[in-house]
Amino acid sequence: MQDAVLAMLAKEPSHGYRLRARLQQSLGPLGASMNPGQIYVTLGRLEKAGLVVCEQADDGLPERSDRKVYALTPAGQQRVAAWLAEVNWPKPDLAEFHLKLVAAAAARLADPVELVAAQRRELLRRLHEVQQAALAEPAGSPGVLLLEGVVLRLQADLRWLAACERAWSKTDDESEDR
């Protein structure tokens, strides 16, 4: 969640309320269950870690003079860049990867289709390794069944990435038509 919040702030500084609304919209049904206080706890932790700074908002509205606006620090910008470049997929958190795609597109930090392609390359590399390990196992050994499960999971993740690529390619095509 922290990385997604940082990526959303990469586009522009924001109030916690606006960040929460953008995250909920990006997550769709998964975002509906987001605890309202979670975004503020996350922002507090990011501020303590030196990844964001908090300033009082100058909205020109006296009744809103206490609103806080959060912005990335240089360290926060570096962390967002590292998060977007990461292709680690041991146990995929699909909601987090979806947020990565949404945040990258919204902040114009990276092309979501390229992020999907990088993940696909990593999964194909891992799939090849697991298939080689399965071939090296003696027939009928208990390890073959485990490796078969890993292969099936990686194949399912690859199909999901293909669906992501189709969706984001369609989104890119629609924005080019405008």
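Thresholds, definitions, all that
- Residues numbered from 1 in each chain as written.
- Predicted model: local features only at pLDDT ≥ 70, side-chain atom pairs only at ≥ 80, totals over all residues.
- Heavy atoms only, no water.
- Buried < 20%, exposed > 50% of the residue type's maximum accessible area, 1.4 Å probe, protein only.
- Helix = DSSP H or I, 4+ residues; strand = E, 2+ residues; numbered from the N terminus.
- Pairing = 2+ DSSP bridges.
- Axes fitted to C-alpha atoms, helices over the stretch in contact; angles between N-to-C directions.
- Left-handed = near helix turned anticlockwise from the far one by under 90°.
- Contact = heavy atoms within 4.5 Å.
- Nonpolar A, V, L, I, M, F, W, Y, C, P; charged D, E, K, R; others polar.
- Core = buried A, V, L, I, M, F, W, Y, C linked by side-chain atoms within 4.5 Å.
- Expected span 1.5 Å × (residues − 1).
- Phe/Tyr/Trp six-rings, centres within 6.5 Å; stacked < 30°, edge-to-face > 60°.
- Lys NZ or Arg CZ within 6 Å of the ring centre and 35° of its normal.
- Salt bridge = Lys/Arg side-chain N within 4 Å of Asp/Glu carboxyl O.

Draft legend 1. Structural detail: the pairing of strand β2 (residues 68-72). Within β2, 4 of the 5 residues are buried, which leaves the element mostly enclosed by the surrounding structure. In this structure, strand β1 (residues 52-56) lies alongside β2, joined through 5 bridges in antiparallel fashion. Bridge pairing in β2 links Cys-54 to Tyr-70.

Draft legend 2. Layout of unusual backbone geometry. The backbone phi angle of Arg-108 is positive, close to 55°, even though this residue is not glycine. Structurally, Arg-108 is set in the loop between α5 (94-106) and α6 (112-136). Given a relative accessible area of 76%, Arg-108 falls into the exposed group.

Draft legend 3. Structural detail: the side chain of Thr-73. Tracing the backbone through its elements, the reader meets Thr-73 in the loop between β2 and α4 (74-85). Take Thr-73: its relative accessible area is 11%, and that puts it in the buried class.

Draft legend 4. The packing of helix α2 (residues 16-27) against helix α3 (residues 38-48), seen in detail. Here α2 crosses α3 at 115°, and the two axes come no closer than 9 Å. The chirality of how α2 crosses α3 is right-handed. Along its contact with α2, which presents Gly-16, Tyr-17, Leu-19, Arg-20 and Leu-23, the element α3 presents Ile-39, Tyr-40 and Leu-43. Tallied by class, the residues present in the contact of α2 with α3 amount to 6 nonpolar, 1 polar and 1 charged.

Draft legend 5. Expanded view of the nonpolar core. Within the largest apolar cluster, 39 residues are counted, with the highest numbers of intra-cluster contacts made by Val-5, Leu-9 and Leu-23. Sorting the residues of this core by element identifies α1 (2-11), α2, α3, β2, α4, α5, α6 and α7 (142-177) as the ones contributing at least two each. Among the elements that line this core, the one with the most residues is α7, at 7 residues. With near-sequence residues (within four places) excluded, Leu-23 lies in contact with Met-1, Ala-4, Val-5, Met-8, Met-34, Ile-39 and Leu-99.

Draft legend 6. Inspection of α5 at higher detail. Compared with an ideal rise of 1.5 Å per residue, which puts 13 residues at 18 Å, α5 spans 18 Å between its outermost C-alpha atoms and is within 8% of the ideal. Looking at α5, one finds that the buried residues are Phe-97, Leu-99, Lys-100, Leu-101, Val-102, Ala-103 and Ala-104. Downstream of α5 by a residue or two, Arg-108 has a phi angle that is positive, lying close to 55°.

Draft legend 7. Region of interest: the packing of aromatic side chains. In this structure the tally under the stated criterion is 1 aromatic pair. Residue placement shows Lys-100 over the ring face of Trp-83; its charged tip is 5.3 Å from the ring centre.

Draft legend 8. The pattern of salt bridges, seen in detail. Under the counting rule described, the total for this entry stands at 6 salt bridges. Across the pair Arg-125 and Glu-122 runs a salt bridge whose closest N-O atoms are separated by 2.6 Å. Residue Arg-125 and its partner Glu-122 are both found in helix α6; the two are separated by 3 residues, about one turn of the helix. A residue is classified by how much of its surface remains accessible, and Arg-125, at 39% relative accessible area, is partly exposed. In this structure Glu-122 comes out as buried when scored by relative accessible area, which is 12%. Linked through salt bridges whose partners overlap, the residues forming this network are Glu-122, Arg-125, Arg-126 and Glu-129.

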